[in-house]
Amino acid sequence: MLSERRLQVLRAIVQDYVGTEEPVGSKALTERHNLGVSPATVRNDMAVLEDEGFIAQPHTSAGRIPTDKGYRLFVDKLAGVKPMTAPERRAIQNFLDGAVDLDDVVARTVRLLAQLTRQVAVVQYPSLTRSTVRHVELLSLAPARVMLVLITDTGRVEQRMVDCPAPFGEASLADLRARLNSRVAGRRFADVPQLVEDLPEGFDVEDRGTVSTVLSTLLETLVEENEERLMIGGTANLTRFGHDFPLTIRPVLEALEEQVVLLKLLGEAGDSGMTVRIGHENAYEGLNSTSVVSVGYGSGGEAVAKLGVVGPTRMDYPGTMGAVRAVARYVGQILAES
């Protein structure tokens, strides 16, 4: 266990290195921070921190920089989440309140996160598997053609055309719409198949084929695999950090193009807590020089998807965590109200 003073020294090194981009020496630390000890004592503390792998000496510079292990201790023990100021919170709310639909909410969230943190922003669309049905609309397009519209609690809208085996009248369609919504509205997607299983039996024999066709289209819509969609923005921000990536920025850009990699980075959508993955904690090699800060968002108390940012390990962690958390909270409110 590190002493309180050595933790203070580590905190000061992280803050200075993030702020100045320069390796930090003991003299600068004692001048900038009220550590209450001599430079010699700070040098000794830095030697211990280096021996234990929390800081390292890049090339022959006299200063030290934090390692992944040092940043991890800083995030876990030393860094609070920096709250947003009242004007910042108002700006977030005003910007997101202008959104007209779910796609616009996601697009605005990406732009906002990238601007606030000056990192790469990644936002996952709300996952269908964790959603509930708000309403199912059925519209007659022709005697044997129906449009099915599924609306979820997160504001997501899915449309499907259904070719019926026989003509289906307006009265029958209205009856099916009413019975279907009475069973599935407000229910989780996972529960729907069981809830509608015996629905065709309540209709006239000649209509059962059409009811079954409509229901199978609805169930296919609920389980389709295209649910894991992402939007990414602010990639150009990485160019500001060229020297933070040891060899080249290319592996990072390549990793950001891999949707599967990004979904893994963000973590399980059902987990709403803040996650910070630093450097080599990212399993994907191309992202070993980056940190990922992510959090779940959703309406009510449950996360339906994740959002976060990717940037260099030399990151303002308290500020980034504060921005990510605040944006997630506002997006959740918008989904709840929509």
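Residues numbered from 1 in each chain as written. Predicted model: local features only at pLDDT ≥ 70, side-chain atom pairs only at ≥ 80, totals over all residues. Heavy atoms only, no water.

(A) Main features of the overall build of the protein chain. Across its full length, the protein chain carries twelve helices and ten strands. Seen along its three principal axes, the alpha-carbon backbone of the protein chain occupies a region of about 90 × 40 × 35 Å. Buried positions account for 49% of the 338 residues belonging to the protein chain. Within the protein chain, residue pairs in contact and separated by at least 24 positions form 61% of the contacts whose partners lie at least 6 positions apart. For the protein chain, the exposed surface amounts to about 16100 Å²; the carbon and sulfur share of it is 50%. Distance from the positive charge centre (36 side chains) to the negative charge centre (45 side chains) of the protein chain: 8 Å. (Helix = DSSP H or I, 4+ residues; strand = E, 2+ residues; numbered from the N terminus. Buried < 20%, exposed > 50% of the residue type's maximum accessible area, 1.4 Å probe, protein only. Contact = heavy atoms within 4.5 Å. Areas by Shrake-Rupley, 256 points an atom, 1.4 Å probe, with all protein chains shown as cover. Lys, Arg positive; Asp, Glu negative; His and termini not counted. Charge placed at Lys NZ, Arg CZ, Asp CG, Glu CD.)

(B) Quick peek at empty space enclosed by the protein. Overall, the coordinates contain one cavity of 30 Å³ or more when judged by the stated rule. Lining of the largest cavity is provided by Val122, Leu262, Leu265, Leu266, Val292, Gly308, Val309 and Val310. Looking at the lining of the largest cavity, the elements that each hand over two or more residues are α11 (259-266) and β10 (305-312). Tallied by class, residues from the lining of the largest cavity come to seven nonpolar, one polar and no charged. (1 Å grid on protein atoms, 1.4 Å probe; cavity = no way out; pocket = protein on both sides within 12 Å on 5 of 7 lines; lining within 4 Å. Points joined across faces, edges and corners; volume = space filled by probe spheres on them. Nonpolar A, V, L, I, M, F, W, Y, C, P; charged D, E, K, R; others polar.)

(C) Main features of the domain arrangement of the protein chain. As assigned here, the protein chain comprises domain 1 (4-78), domain 2 (86-126 + 228-337) and domain 3 (129-225). Summarising the inter-unit geometry, the C-alpha centres of domain 1 and domain 3 are found 62 Å apart. (Domains from an automatic or database assignment.)

(D) Representation of helix α12 (residues 317-337) within the structure. Look at α12: 30 Å from first C-alpha to last across 21 residues, which is about the 30 Å you get at 1.5 Å a residue. The N-cap residue of α12 is aspartate 316: its side-chain oxygen and the backbone nitrogen of glycine 319 are 3.1 Å apart. (Expected span 1.5 Å × (residues − 1). Polar contact = N/O pair within 3.5 Å; in protein donor to acceptor, adjacent residues only side chain to side chain.)

(E) Structural view of the packing of helix α4 (residues 68-78) against α12. At a minimum axis distance of 11 Å, the contact between α4 and α12 shows a crossing angle of 55 degrees. Our classification of the angle between α4 and α12 gives oblique. As for the relative orientation of α4 and α12, their crossing is right-handed in sense. Contact residues: α4 offers Tyr71, Phe74 and Val75, while α12 offers Tyr317, Pro318 and Met321. Here the contact of α4 with α12 is composed, by residue class, of six nonpolar, no polar and no charged. (Axes fitted to C-alpha atoms, helices over the stretch in contact; angles between N-to-C directions. Parallel < 35°, antiparallel > 145°, perpendicular 65-115°, else oblique. Left-handed = near helix turned anticlockwise from the far one by under 90°.)

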